Protein chains: 2
Amino acid sequence: MFSKACEYGIRASTYIALQSHEGKRASLKDIARETDSPVAFTAKILQQLSKNKIIDSVQGAAGGFEIVKSKINHIKLSEIVYAIDGDNVYMGCGLGLEKCNANKPCPVHDKFVAIRDDLRDMLENTTLYEMTSGLEVGLTYLKR
Amino acid sequence: MFSKACEYGIRASTYIALQSHEGKRASLKDIARETDSPVAFTAKILQQLSKNKIIDSVQGAAGGFEIVKSKINHIKLSEIVYAIDGDNVYMGCGLGLEKCNANKPCPVHDKFVAIRDDLRDMLENTTLYEMTSGLEVGLTYLKR
DNA sequence: TCAAAATAGGACAATTTTGTCCTATTTAAT
DNA sequence: ATTAAATAGGACAAAATTGTCCTATTTTGA
Ligand code: FES
Ligand code: FES
């Protein structure tokens, strides 16, 4: 569904949101540990998210990554997915034809678009805040 | 969503079904041309589908690939996807945790499972026959 | 000022996926 | 029988994705 990079990116963003909500800055090491992700690879992804203004990075000792509190409620999964995986999730054809196109649809077009739209809706309606709410009370997990 | 191999596999199977329905056997060359897929790579995928009893292959001159007419109506997309991509579509976690697990769910579990189940339903309820019906009348396409 | 701790970023390596090429085998037609 | 046309399958190559390593830079705090 999503690339590994995107999966790591969502998990990392969620953890950063969780920490930021408590006023804590998250270090790369912590993020990688708490999301069970490879450290250096995660670093690259965080750079990408930072360039896309989804997270903020602070260099230097006591630096790390954070998300402005007021944004946690507004950042949607769709933004993260788009920043890392691009628009394939939203525009791709289920059978791999060059872009989905209703004017020359593949045989699964109608059924596929319905599912893809549900997925888009889901991503556009799920905020980082929503992602963190179950974590705090031990209802959901970012690693096992 | 699906791997390239799987996309090619679905397109190839659909074309073979279309030809078999008219009593014609499809050659690798024709299949690759009519689905705009790389010939040798498609050959490997057809072998896989053949081993999984989804299509039949006939060696020798005038050989090719075909699907028993009575099966066209019964072969579901889910079987093709499973034969090529395995069970990741059905069991995978949206955030990449080792297998989806409702007892230790990731933060998108509930929403993701709903979409994944819709996708599964779609694949399990779409037959090759249904895939071909629009092709014959020029309503849908296997390439552009 | 200096050392330590952290991110930034370039270069590289490993793995997986995608794709090609060549030879063997099978079958039909001559 | 021989040849031609087709799939089977192994070995290999290319490309994309995933992951590592090292150095530079930034910042804090002693
Ligand atoms: S054309 Fe294939 S999904 Fe729209
Ligand atoms: S645990 Fe992640 S989707 Fe079910």
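Each chain carries its own residue numbering, running from 1 in the direction its sequence is written. For this description, chains carry letters from A and ligands carry numbers from 1, given in the order in which they are written. Side-chain atom pairs in this predicted model are given and counted only at pLDDT of 80 or more, local residue features only at pLDDT of at least 70, and totals for whole chains, interfaces and linings cover all residues. Hydrogens and water molecules were not included; the side-chain quantities draw on all heavy atoms of the structure.

A. Looking closely at the overall build of chain A. Put simply, DSSP marks the helices as runs of H or I at least four residues long and the strands as runs of E at least two long, and each gets a number from the N terminus on. A tally of regular secondary structure across chain A gives eight helices and two strands. Taken along its principal axes, the extent of the C-alpha atoms in chain A is 55 × 30 × 30 Å. For every residue, the accessible area obtained with a 1.4 Å probe (protein chains only) is divided by the maximum for its type, and the residue is called buried under 20%, exposed over 50%, and partly exposed between those limits. A burial count over chain A gives 47% of its 144 residues as buried. Residues count as neighbours in contact if any of their non-hydrogen atoms are within 4.5 Å of one another. Partitioning the contacts of chain A with sequence separation of at least 6, the portion at a separation of at least 24 is 65%. His is not counted, nor are the chain ends; Lys and Arg add positive charge and Asp and Glu add negative charge. By convention, the point assigned to a charge is CZ for Arg, NZ for Lys, CD for Glu and CG for Asp. Charge separation in chain A, taken as the distance between the mean sites of 19 positive and 18 negative side-chain charges, equals 5 Å.

B. Here's a closer look at the protein's contact with DNA strand D. For this description, a residue counts as near a given molecule or strand if any of its non-hydrogen atoms is within 4 Å of it. Around DNA strand D, the structure places 24 residues, and the nearest of them are Tyr8(A), Gln59(A), Leu28(B), Lys44(B) and Ser57(B). Taken together, the sugar and phosphate atoms account for 69% of what DNA strand D places within 4 Å of the protein. We call two N or O atoms a polar contact when they sit within 3.5 Å, provided that within protein one can donate a hydrogen and the other can accept it, with sequence-adjacent residues counted only if both atoms are side-chain atoms. Here Leu28(B) contributes a backbone N or O atom positioned 2.7 Å from a phosphate oxygen of DNA strand D. In this structure, Ser57(B) approaches DNA strand D through a side-chain N or O atom, which is 2.5 Å from a phosphate oxygen. Of all the secondary-structure elements, those providing two or more residues to the surface near DNA strand D are helix H1 (4–21) and helix H3 (39–51) of chain A together with helix H3 (39–51), strand E1 (56–58) and strand E2 (64–66) of chain B.

C. View of the interface of chain B and chain A. Every contact between the two is made by 38 residues of chain B and, on the other side, 38 residues of chain A. Two parts placed together each lose some accessible area under a 1.4 Å probe, and adding up what both lose gives the buried area. Between chain B and chain A the total buried area reaches about 3,400 Å² when both faces are included, carbon and sulfur atoms providing 66% of it. What makes a salt bridge here is a side-chain nitrogen of Lys or Arg within 4 Å of a carboxyl oxygen of Asp or Glu, nothing more. The interface formed by chain B and chain A contains two salt bridges. Two residues, Glu130(A) and Lys111(B), come together in a salt bridge whose shortest N-O distance is 2.9 Å. At the junction of chain B and chain A, the tally comes to 14 residue pairs in polar contact (both at pLDDT 80 or more). Elements represented by at least two residues in the side of chain B that touches chain A include exactly helix H1 (4–21), helix H7 (109–124) and helix H8 (128–136) of chain B. It is H7(B) that contributes the most residues to the side of chain B that touches chain A, six residues altogether.

D. Local environment of the packing of H1(A) against helix H5 (residues 77–85) of chain A. Residues and elements named next belong to chain A. Axes here mean lines fitted to C-alpha atoms, for a helix over just the part in contact, with angles spanning 0 to 180 degrees between N-to-C directions. H5 packs onto H1 with a crossing angle of 140° between their chain directions and a minimal axis gap of 9 Å. As far as their axial angle goes, H5 and H1 are oblique. In this structure, H1 meets H5 at a crossing whose hand is right-handed. Residues Ala5, Cys6, Gly9, Ile10 and Ser13 of H1 form the contact with H5, whose own contacting residues are Leu77, Ile80, Val81, Ile84 and Asp85. Note on terminology: angles under 35 degrees are roughly parallel, angles over 145 are roughly antiparallel, angles of 65 to 115 are roughly perpendicular, and the others are oblique. Less than a right angle of anticlockwise turn of the near helix away from the far helix marks a crossing as left-handed, whereas a clockwise turn marks it as right-handed.

E. Summary view of the relation of the copies chain B and chain A. Superposing the copies works by least squares over the C-alpha atoms of residues that have pLDDT at least 70 in both of them. Each copy superposes on the other: chain B lies on chain A with an RMSD of 0.0 Å after a rotation of 180° and an axial shift of 0.0 Å. Given the turn and translation reported, the copies of this chain are related as if by a two-fold rotation axis. In terms of proximity to the rotation axis, the leading residue of chain B is Met1(B), whose C-alpha is 2.3 Å off the axis. Comparing interface residues between copies, 100% of those in chain B also sit at the interface in chain A, which points to an isologous, same-surface contact.

F. Quick peek at the protein's contact with DNA strand C. Taken together, 24 residues lie around DNA strand C, and Leu28(A), Lys44(A), Ser57(A), Tyr8(B) and Gln59(B) are the ones closest in. Between DNA strand C and Leu28(A), the relevant distance is 2.7 Å, taken from a phosphate oxygen to a main-chain nitrogen or oxygen of the residue. Elements with a contribution of two residues or more to the surface near DNA strand C: H3, strand E1 (56–58) and strand E2 (64–66) of chain A together with H1 and H3 of chain B. Taken together, the residues that form the surface near DNA strand C break down as 10 nonpolar, 10 polar and four charged. When residues are grouped by polarity, Ala, Val, Leu, Ile, Met, Phe, Trp, Tyr, Cys and Pro land in nonpolar, Asp, Glu, Lys and Arg in charged, and all others, Gly among them, in polar.

G. Fine view of the nonpolar core. We call a set of buried Ala, Val, Leu, Ile, Met, Phe, Trp, Tyr and Cys residues a nonpolar core when their side-chain atoms join them within 4.5 Å. By size, the foremost hydrophobic cluster in this structure holds 84 residues, and its most contacted members are Leu49(A), Leu123(A), Leu49(B) and Leu123(B). Leu123(A) has contacts with Phe2(A), Lys76(A), Leu77(A), Ser78(A), Val81(A), Val89(A) and Tyr90(A), leaving out every residue within four places of it along the chain.

H. Spotlight on the packing of aromatic side chains. Pairing of aromatic rings covers Phe, Tyr and the six-membered ring of Trp, with a centre-to-centre limit of 6.5 Å; geometry is then stacked below 30 degrees between planes, edge-to-face above 60, and tilted otherwise. Under the criterion given, the structure shown has two aromatic pairs over all chains. With 5.8 Å between their ring centres and 90° between their planes, Tyr8(A) and Phe41(A) make a pair best called edge-to-face. Pair noted here: Tyr8(A) is in helix H1 and Phe41(A) is in helix H3, with a separation of 33 residues, a long-range link. The class of Tyr8(A) is buried, set by a relative accessible area of 14%. Positioned over the ring face of Tyr141(B) is Lys104(A), at 4.9 Å from the centre of the ring. Any Lys NZ or Arg CZ found within 6 Å of a ring centre and within 35 degrees of that ring's normal is scored as a charge over the ring.

I. View of the environment of Ile16(B). All names here are of chain B. When you line up the elements, isoleucine 16 lands in helix H1. Distance in space between the C-alpha atoms of isoleucine 16 and isoleucine 67 is 6.7 Å, their sequence separation being 51 residues. If we skip the residues at most four places from it in the chain, isoleucine 16 touches Ala26, Ile31, Leu46, Ile55, Phe65, Glu66 and Ile67.

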